[in-house]
Amino acid sequence: MRVTVLGSGTAVPVADRFPAGYLLEAGGLRLLVDCGPGTLRRLPSTGTDLGDIDAVFLTHFHTDHCADVGPLLFALRNPRYAGRKPLQLFAAPGLDRFLRLLADAWPWTLPRDYQLHTVELLPGSVAVGPLHLQVLPIRHTAQSLGYRFADPHGGGSAAFSGDADE
Ligand SMILES: [Zn+2]
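Residues numbered from 1 in each chain as written. Predicted model: local features only at pLDDT ≥ 70, side-chain atom pairs only at ≥ 80, totals over all residues. Heavy atoms only, no water.

Caption draft 1: Local environment of the overall build of the protein. The helix and strand tally for the protein stands at four helices and 10 strands. Written out in order from the N terminus, the α and β elements of the protein read β-β-β-α-β-α-α-β-α-β-β-β-β-β. Relative to a compact globule of 166 residues, whose C-alpha radius of gyration would be 15 Å, the protein shows 15 Å and is just as compact. Dimensions of the protein, computed from the C-alpha atoms along their principal axes, are close to 40 × 35 × 35 Å. Taking the contacts inside the protein whose residues are at least 6 apart along the sequence as the reference set, 58% of them involve residues at least 24 apart. Averaged over its 14 positive side-chain charges, the protein has a centre that lies 4 Å from the centre of its 16 negative ones. (Helix = DSSP H or I, 4+ residues; strand = E, 2+ residues; numbered from the N terminus. Rg over C-alpha atoms; globule rule 2.2 N^0.38 Å. Contact = heavy atoms within 4.5 Å. Lys, Arg positive; Asp, Glu negative; His and termini not counted. Charge placed at Lys NZ, Arg CZ, Asp CG, Glu CD.)

Below you can see the structure in the form of structure tokens.
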């Protein structure tokens, strides 16, 4: 299991940190946890192509944690990604509304030539491919979730709180 920090900053621009974005490679999957502005810009330096991403998990809907979802969905309409594997997008309830409103403003974020699967998560445990995922409520916004990914085949675990008050 490998975590690459693509961004760990805040909404305030600084020279040396992008807002939140993490690449998690585990169980043969490549996952993004949060997708703040700059996440896509940082991704190629990890050797990961956008077409390789299996799923995106958002900890909450603050702009510095999800602003690159629009550019991500727009980029995936590029013909080079036609027929790519389905992209799964996970977040708290409100995700589908968020995507609907995004598509109202930017219709070119709607999927073309690939499938987008969305899952609105509640606290609890779910399987993500071979990984076990624990979803936890986080005190920050009404729709904040924390994630703990574990590889049951001896691959360790990684946890992401997103922003957390207290
Ligand atoms: Zn926040």
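Caption draft 2: Region of interest: the sheet that holds strand β4 (residues 55-57). Strand order across the open sheet formed by six strands is β1-β2-β3-β4-β5-β6, with mixed pairing between neighbours. The sheet is open, and its two borders are formed by β1 (2-7) and β6 (116-120), each paired with just one other strand. The average undirected angle you get between the axes of adjacent strands in this sheet is 20°. Examined bridge by bridge, strand β2 (residues 21-26) and strand β3 (residues 29-35) share six bridges and lie antiparallel to one another. Within the sheet, the bridge partner assigned to Leu-23 lies in β3 and is Leu-32. The sheet strands contacting helix α4 (residues 95-105) are β5 (87-91) and β6, and the helix crosses β6 at an angle near 135°. (Pairing = 2+ DSSP bridges. Axes fitted to C-alpha atoms, helices over the stretch in contact; angles between N-to-C directions.)

Caption draft 3: Local environment of the pattern of salt bridges. What the rule picks out here adds up to four salt bridges. Close ionic contact of Glu-25 with Arg-2 constitutes a salt bridge, the shortest N to O distance being 3.2 Å. Taken as a pair, Glu-25 in strand β2 and Arg-2 in strand β1 lie far apart in primary sequence, 23 residues in all. Judged by its relative accessible area of 18%, Glu-25 falls in the buried class. Among the salt bridges present, the one from Asp-49 reaches Arg-80, with a minimum N-O distance of 3.3 Å. Of this pair, Asp-49 sits in the loop between α1 (39-42) and β4 while Arg-80 is found in the loop between α3 (69-75) and β5, placing the two residues 31 residues apart along the sequence. (Salt bridge = Lys/Arg side-chain N within 4 Å of Asp/Glu carboxyl O. Buried < 20%, exposed > 50% of the residue type's maximum accessible area, 1.4 Å probe, protein only.)

Caption draft 4: Fine view of the coordination of the zinc ion. The coordination sphere of the zinc ion contains the protein donors His-60 (NE2), His-62 (ND1), His-140 (NE2) and Asp-163 (OD), at a distance range of 2.1 to 2.3 Å. Geometry at the zinc ion is irregular, judged from the four donor atoms that bind it and their angles of 94 to 158° at the metal. Counting gaps between the donor residues of the zinc ion yields the pattern H-x1-H-x77-H-x22-D. (Donors = N, O, S within 2.8 Å, 3.2 Å for Na, K, Ca; no water. Tetrahedral: all angles 85-135°; square planar, octahedral: opposite > 155°, others 65-115°.)

Caption draft 5: The pairing of strand β9 (residues 145-151), seen in detail. With respect to burial, β9 is a largely interior element, six of its seven residues being buried. Pairing of strand β8 (residues 131-137) with β9, which is carried by six bridges, proceeds in the antiparallel orientation. When the bridges of β9 are listed, Pro-137 appears paired with Leu-145. For β9 and strand β10 (residues 156-160), the ladder comprises five bridges, and the chain directions are antiparallel. Bridge pairing links Ala-150 to Ser-157 in β10. Linking β9 back to β10 in an antiparallel pair, the connection comprises four residues, with Gly-154 at a positive phi of about 80°.

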